[in-house]
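# Observations on the three-dimensional arrangement
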Amino acid sequence: MSKNECYFGLELTSSSIKMVAGYLLNESICVLDAIEEKCNGLSDGLIINQDEVVKSIKSVVNQMSRSLNMLIDEVCLAIPPFNLLCMCDTGSTNTVDGNNVIRHIDTTNILTAMKKRSLADSDLKIIDIVPDTYMINNNERYYNEPIGKMSEVLSLHASIYAMSVKVIAQFENCVNNAGLKIKKTVIAPYADALYLSTVKAIPNSYFLIDIGNSVTTISQINRGYTVNFSRILKFGGNDITLAIANEFNISFEEAEELKNTYGIDHSPNFNVYIKDKITLDDLSQVIVKTISQQLDMFKTIINDSEEKNSLPVVLIGGTSCLHNIKKIVADELELDVINFTLPTLGARKYGFVTVLGLIKYCAIQPKVNDEETITTQVNRINPKKNRNYKFDEEL
């Protein structure tokens with residue numbers, strides 16, 4: 001696949017459908033179109049009405065198709081990492097080339113073999129395999145495919161992500177019923193990390209906190225884009241809005257406007273009234289109280305990590321744009337929060353990070369070919385730390 005080929009990224013979020021059309025050029029993502037549409041069939045990241053979701057997907061696709069004057073029949077799909085299982089595997093293969101020159105087919109052979117593995121739990125399905133480290137003769141190691149290097153054997157260490165078959169099928173069926181083929185299904189935090197790896201201010205390892213409308217995903221990212229763990233919490237920007245509406249007895253729409261306009265701010269030496277008898281301080285107190293209640297849970301999840309005190313935080317998602325939220329998160333978690341600007345024109349919103357990552361995913365991900373003839377020896381899958389998962393002894 002050419003890296004200049006146009007790809008379509010589709011995400012079913014906690015309350016809306018997001019879609020981006022774009023391509024990768026010189027490691028930068030060029031956006032042709034970006035659309036977001038609210039969907040009544042989604043709630044807290046789950047599908048509660050498939051017909052409504054299918055209807056919304058068709059609406060977004062038709063809008064983009066008309067805008068670009070282009071037929072759209074295939075998308076890359078991002079889904080939330082519900083009960084995500086993170087594993088690792090090491091495989092090796094004799095190189096195919098007669099002169100022992102490493103080719104892309106050698107990587108494909110290893111990935112294909114890993115993909116064909118079965119898990120002890122029949123409800124689990126491998127959703128993605130991400131190469132971490134390539135190893136050749138003399139124990140030389142590479143983070144990118146060592147195409148053109150000489151070696152009789154190519155070994156590969158990879159991260160493997162698995163989720164419930166039923167959860168995956170629920171999302172994929174809606175996309176298929178909307179008349180679309182799925183090029184690849186990707187967990188959202190991996191797509192996020194792929195895109196963020198193009199942003200200079202983002203370090204190689206960090207805690208990623210994606211605060212959406214009704215759910216928050218907390219993940220640990222290592223070495224640029226490897227997802228070590230991911231947890232989903234039922235909390236988002238709508239909870240903040242509801243707290244404001246209830247506290248001041250105003251409508252949800254009025255509370256949303258106050259939240260987005262003023263965020264967390266404080267009056268100077270005199271009261272600043274922003275609506276009726278509501279001051280900046282009044283609004284800030286409600287927002288900070290609501291967020292602080294959840295940050296205790298964030299901190300518990302992060303403290304379970306071995307690198308709890310050494311990694312900074314990266315905030316994304318629509319609610320990450322709330323004025324001064326980064327300072328509150330930094331103070332409560334006692335961790336640095338990275339300040340950064342999205343470099344992509346046409347979709348410069350923190351809520352579009354996932355779908356932007358899907359564009360890069362399509363352009364760079366090695367293809368796993370289930371039909372390829374393989375000659376590979378693959379070692380047993382090993383779970384990552386803190387995972388008490390038993391694998392089938394027949395692997």
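The structure this text deals with has already been given above.
Keep in mind it's a predicted model, so treat the numbers as computed, not measured. (Residues numbered from 1 in each chain as written. Predicted model: local features only at pLDDT ≥ 70, side-chain atom pairs only at ≥ 80, totals over all residues. Heavy atoms only, no water.)

### Considerations on the overall build of the chain
The number of helices and strands found in the chain is 9 helices and 19 strands. When each of the 395 residues of the chain is scored for burial, the buried share is 53%. The long-range fraction of contacts in the chain, counting pairs at least 24 apart against all pairs at least 6 apart in sequence, stands at 69%. By element, 44% of the accessible surface of the chain is carried by carbon and sulfur atoms, the whole surface being about 18,400 Å². (Helix = DSSP H or I, 4+ residues; strand = E, 2+ residues; numbered from the N terminus. Buried < 20%, exposed > 50% of the residue type's maximum accessible area, 1.4 Å probe, protein only. Contact = heavy atoms within 4.5 Å. Areas by Shrake-Rupley, 256 points an atom, 1.4 Å probe, with all protein chains shown as cover.)

### A word on the sheet that holds strand E17 (residues 313-316)
Strand order across the open sheet formed by 4 strands is E14-E13-E12-E17, with mixed pairing between neighbours. The two strands at the open ends of the sheet, each matched to only one other strand, are strand E14 (226-233) and E17. Within the sheet, the average angular offset between the axes of one strand and its neighbour, ignoring direction, is 20°. By the bridge criterion, 6 bridges tie strand E12 (residues 206-211) to strand E13 (residues 216-222) in an arrangement that is antiparallel. Across the sheet, the residue bridging to Phe-207 is Gln-220, located in E13. Most of the contacts of helix H4 (residues 188-196) go to E12, to which it runs at about 115°, and overall it touches E12, E13, E14 and E17. (Pairing = 2+ DSSP bridges. Axes fitted to C-alpha atoms, helices over the stretch in contact; angles between N-to-C directions.)

### Quick notes on the packing of helix H5 (residues 237-248) against helix H6 (residues 252-262)
For the pair H5 and H6, the least separation of the axes is 8 Å and the interaxial angle reads 110°. As the angle between them shows, H5 and H6 are arranged roughly perpendicular. For the pair H5 and H6, the sense of crossing is right-handed. Of the residues in H6, those touching H5 at Gly-237, Asn-238, Ile-240, Thr-241, Leu-242, Ile-244 and Ala-245 are Phe-252, Ala-255, Glu-256 and Lys-259. Looking at the contact of H5 with H6 residue by residue, the classes come out as 6 nonpolar, 3 polar and 2 charged. (Parallel < 35°, antiparallel > 145°, perpendicular 65-115°, else oblique. Left-handed = near helix turned anticlockwise from the far one by under 90°. Nonpolar A, V, L, I, M, F, W, Y, C, P; charged D, E, K, R; others polar.)

### Regarding helix H2 (residues 104-115)
The end-to-end C-alpha separation of H2 is 16 Å, in line with the 16 Å expected for 12 residues at 1.5 Å each. In terms of burial, H2 is largely enclosed, as 9 of its 12 residues are buried. (Expected span 1.5 Å × (residues − 1).)

### So, the sheet that holds strand E3 (residues 28-38)
The 5 strands lie next to each other as E3-E2-E1-E6-E11, forming an open sheet whose pairing is mixed. Among the strands making up the open sheet, the edge pair consists of E3 and strand E11 (181-187). Within the sheet, the average angular offset between the axes of one strand and its neighbour, ignoring direction, is 25°. As defined by bridge partners, strand E1 (residues 7-12) adjoins strand E2 (residues 16-25) across 6 bridges and the pair is classed as antiparallel. When the bridges of E2 are listed, Tyr-7 appears paired with Gly-22. The strands that H4 touches are E1, E3, strand E6 (74-79) and E11; relative to E11, the one it contacts most, it runs at about 85°.

### Quick notes on the nonpolar core
Among the nonpolar cores identified, the biggest contains 71 residues, and Leu-12, Ile-57, Leu-196 and Phe-340 are the most heavily contacted of them. Looking at this core element by element, the count peaks at 8 residues for helix H9 (residues 353-364). Every residue in contact with Phe-340, bar those within four places of it in the chain, is listed here: Leu-196, Val-199, Ala-201, Ile-202, Val-314, Leu-315, Ile-316, Lys-326 and Tyr-350. Counting residues in each nonpolar core, the second largest holds 37 residues, with Phe-207, Ile-218, Ile-291 and Ala-330 among its members. (Core = buried A, V, L, I, M, F, W, Y, C linked by side-chain atoms within 4.5 Å.)

### Some details on unusual backbone geometry
With a phi angle near 65°, Asn-100 is a residue other than glycine that sits in the positive phi range. Of note, Asn-100 is situated in the loop between strand E7 (85-94) and H2. Not every positive phi belongs to a glycine, and Glu-334 is a case in point at roughly 60°. With respect to the element layout, Glu-334 can be found in the loop between helix H8 (325-333) and H9. Among the residues examined, Glu-334 registers a relative accessible area of 63% and is labelled exposed.

### Details of the pattern of salt bridges
Going through the model one piece at a time under the given rule, you end up with 6 salt bridges. For Lys-184, the salt bridge identified is with Asp-128, shortest N-O distance 3.7 Å. Here the residue Lys-184 occupies a position in strand E11, and Asp-128 occupies one in strand E8 (residues 124-136), the gap between them amounting to 56 residues. Taking the relative accessible area as the measure of exposure, Lys-184 reaches 23% and is therefore partly exposed. Between Lys-275 and Glu-254 there is a salt bridge; the shortest N-O distance is 3.3 Å. Taken together, the positions of Lys-275 in strand E15 (residues 273-275) and Glu-254 in helix H6 put the pair 21 residues apart, joining distant regions of the chain. You can call Lys-275 partly exposed: its relative accessible area is 23%. (Salt bridge = Lys/Arg side-chain N within 4 Å of Asp/Glu carboxyl O.)

### Comments concerning the pairing of E14
Of the strand pairs in this sheet, E13 and E14 are connected by 7 bridges, and their pairing is antiparallel. Residue pairing across strands places Ile-221 opposite Val-227, the latter belonging to E14. Between the end of E13 and the start of E14, which pair antiparallel, lie 3 residues, with Arg-223 showing a positive phi angle near 50°.

### Brief notes about H6
Within the span of H6, buried status applies to Ala-255, Leu-258 and Lys-259. Burial along H6 is one-sided: seen end-on, the buried residues are contained in an arc of 100°. Relative to its buried face, H6 has exposed residues pointing more than 90 degrees away, namely Glu-253, Glu-257 and Asn-260. Residues of H6 that are buried in the fold lie against H5, E15, strand E16 (278-279) and helix H7 (280-303). Gly-263, located one to two residues past H6, shows a positive phi value of around 60°. (Arc of directions from axis to C-beta.)

Interpretation in functional terms is not warranted from these geometric data alone.
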